[in-house]
Amino acid sequence: MELPKLLLHIGLILATVTNFCIADDDAKGPKYIYRLPIISKPVDYNISLIIPDLEKSNTFHGETIVTVDIVRETFHISLHSQGLEINETATTLTNNTIVYTPEAYTYNHGTNILSLHFENQLYRGNYTLNMKFAGNFSQIDSGSGGFIKIPYTYEEGNTKYYRTLAATHLMPNKARRMFPCWDEPAIKTYFMISVMHHQNYTVLSNWPIRKQYKVKNDMIWTHFNRTFAMSAYLVGIVIVSNFVRIEKEVQFLSPGVSVWCRSSLTSQASFIHNIAEQITPLLEEYTNRTKGLPKIDHVMVPNYPVDGMEDWGIIIYKESEVVYDDSKDPIFQKRKVASLVAHELAHQWFGNFITPSWWPDLWLSKGFAVFFQVYFLNKTFEDWRSMDFFVTGAIHDTLHLDIGLLDSVNLNLHDTLDYDQLFGDEVYKKAPAILRMLYHAVGDEVFRKGIIKYFATKQYTAFTPDNLWSAIQSAKDEASYVPYMRDQKFRIKEVMDTWIVQNRYPVLNVTKR
């Protein structure tokens, strides 16, 4: 207990002031990532997508009906769009019985910001924005993200069939490739998603199906229930054929858990179920959030571009990363699968229930997911010694790299949201290492009470590191009765900012006299 406290106090000495540097047209000056103006914000989306035969077409069509809150008088509405063809003649904005149509459109290819300009001033209040559009599926080898077409093979007996599925990967800023939207993490709202698709396909999304019905030409409308308030990048859709569903009735497990995979992999997919059954109740208990999602689908997608994506209520995995055959695979593969599933489940709380307000604070999502992935696996599989492996692996790697090779945990972004820059060792290794240090400094009881306060005040909303420090400070102040906390006078924010906003770490030299 004494060493973490000592390190915390050393951190105070190294406090620095940092500026968030982000894109400007002047190449010689500071760069800034242009943000949407805080003039309008969505209240809820109603998204309808028409998906053709995936084997024959690379194009989809859609319509969005968005309730928009105008928070300041304006002649403009700005939102994100990338690679979409907007039907400008069909765009309308209504307020009660008044219908407005944009008189002009401007688009910035660098920022993907589409601005709708109106002749009449828009006063504060709620409006309904209706837009129709068409988009192209991204190809799996393009690396561009968005709504992706993925080819795969399906075997039946001795015959091999070639199939195509579609799956979303919208993080960090690719929701704008699937529908026009306010594509920033702090802008959280409700989504009602509907998909028209061929009857030979099954469509999955964030929330359970509300209703389905057939229409002409062997097509089906699938309508999903309204989601919780969430960021646009967490919208998840998978459209597949020839997949099977593995489902178990698990007593006391509040979200229904299903695994979807190719029929040949059912026996190798069951371990995902086992991990979900054990980790989900622990997350619910620890965060005191026991009534949450109505379901969580785990979908094993062949050739998916990343190991896993934590869309709310539907987790999408690269198939090869989560198959496990108990009869022949080594224990290393079992640990690997368990770690990935536990990590994505942790994101259903850390990152989805509560979401970092902007990408420099991504560590609040990824760092917590790694920490609790290790924390709960350490309790579930004690003989694996997951926390010991984390210390000898991730923490030691970070200490080796953090001599100037790493950015600060609070990321200094440049003019683009580069995927490799966002998802580096700073958020996956150093951030959870620092959270582990804080956990040991304040103790399990204070840390957990701080997390509960954190969720109680910020659920369904975006947050900053200061919100976290405030919650843990409050729990610490209330824990003066705990012997080891009684004489601890440090302020959480003052100490932790020194670890988060700068790179490197303090070195303590001890000289024997």
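Going by what an unreviewed UniProt entry lists, the chain is known as Glutamyl aminopeptidase-like isoform X1 and is assigned to Temnothorax curvispinosus. Here is the UniProt Subcellular location (unreviewed entry) comment for the chain, exactly as written: "Cell membrane". Quoted verbatim from the Sequence similarities (unreviewed entry) field of UniProt, the annotation for the chain is "Belongs to the peptidase M1 family."

Hydrogen bonds between backbone atoms are what pair the strands of a sheet, whose relative direction is either parallel or antiparallel. Spatial ordering of the open sheet is given by β18-β19-β20-β22-β21, a layout of 5 strands whose pairing is mixed. With one partner strand each, in any of the chains shown, β18 (243-247) and β21 (308-309) form the two edges of the open sheet. Alignment of β21 against strand β22 (residues 314-318), held across 2 bridges, turns out to be antiparallel. Its bridge partner lying in β22, G308 is registered against Y317.

The nonpolar side chains of a soluble globular protein tend to be buried with one another. In this structure, F147, F179, W182, I239, W363, F368 and F447 are the most contacted members of the largest nonpolar core, which totals 155 residues. Per element, the largest residue contribution to this core is 11 residues, and it comes from helix α5 (residues 363-380). Setting aside residues no more than four positions away along its own chain, W363 makes contact with F368, V409, N410, V427, A431, L435, P465, L468, W469 and I500.

A few words now on the pairing of strand β17 (residues 237-240). Burial of β17 is two-sided: the residues I237 and I239 facing one way and the residues V238 and V240 facing the other way are all buried. Here strand β12 (residues 159-169) pairs with β17 via 2 bridges, running antiparallel. Residue A167 lies in a different strand from β17, and its bridge partner there is V238. Of the strand pairs in this sheet, strand β14 (residues 202-205) and β17 are connected by 4 bridges, and their pairing is antiparallel. Within the sheet, the bridge partner assigned to T202 lies in β17 and is V240.

Two elements in contact, α5 and helix α9 (residues 444-458), have axes separated by 15 Å at closest approach and are oriented at 135°. In terms of orientation, α5 and α9 fall into the oblique class. Judged by the twist between their axes, the crossing of α5 over α9 is left-handed. Every residue of α9 that contacts α5 at L364, F368, F371, F372 and Y375 is listed here: D444, F447, I451 and Y454. Residue classes in the contact of α5 with α9 are distributed as 8 nonpolar, no polar and 1 charged.

Quick notes on the rules
Residues numbered from 1 in each chain as written. Predicted model: local features only at pLDDT ≥ 70, side-chain atom pairs only at ≥ 80, totals over all residues. Heavy atoms only, no water. UniProt positions renumbered as here; feature names shortened; annotations may be inferred. Pairing = 2+ DSSP bridges. Helix = DSSP H or I, 4+ residues; strand = E, 2+ residues; numbered from the N terminus. Core = buried A, V, L, I, M, F, W, Y, C linked by side-chain atoms within 4.5 Å. Buried < 20%, exposed > 50% of the residue type's maximum accessible area, 1.4 Å probe, protein only. Contact = heavy atoms within 4.5 Å. Axes fitted to C-alpha atoms, helices over the stretch in contact; angles between N-to-C directions. Parallel < 35°, antiparallel > 145°, perpendicular 65-115°, else oblique. Left-handed = near helix turned anticlockwise from the far one by under 90°. Nonpolar A, V, L, I, M, F, W, Y, C, P; charged D, E, K, R; others polar.

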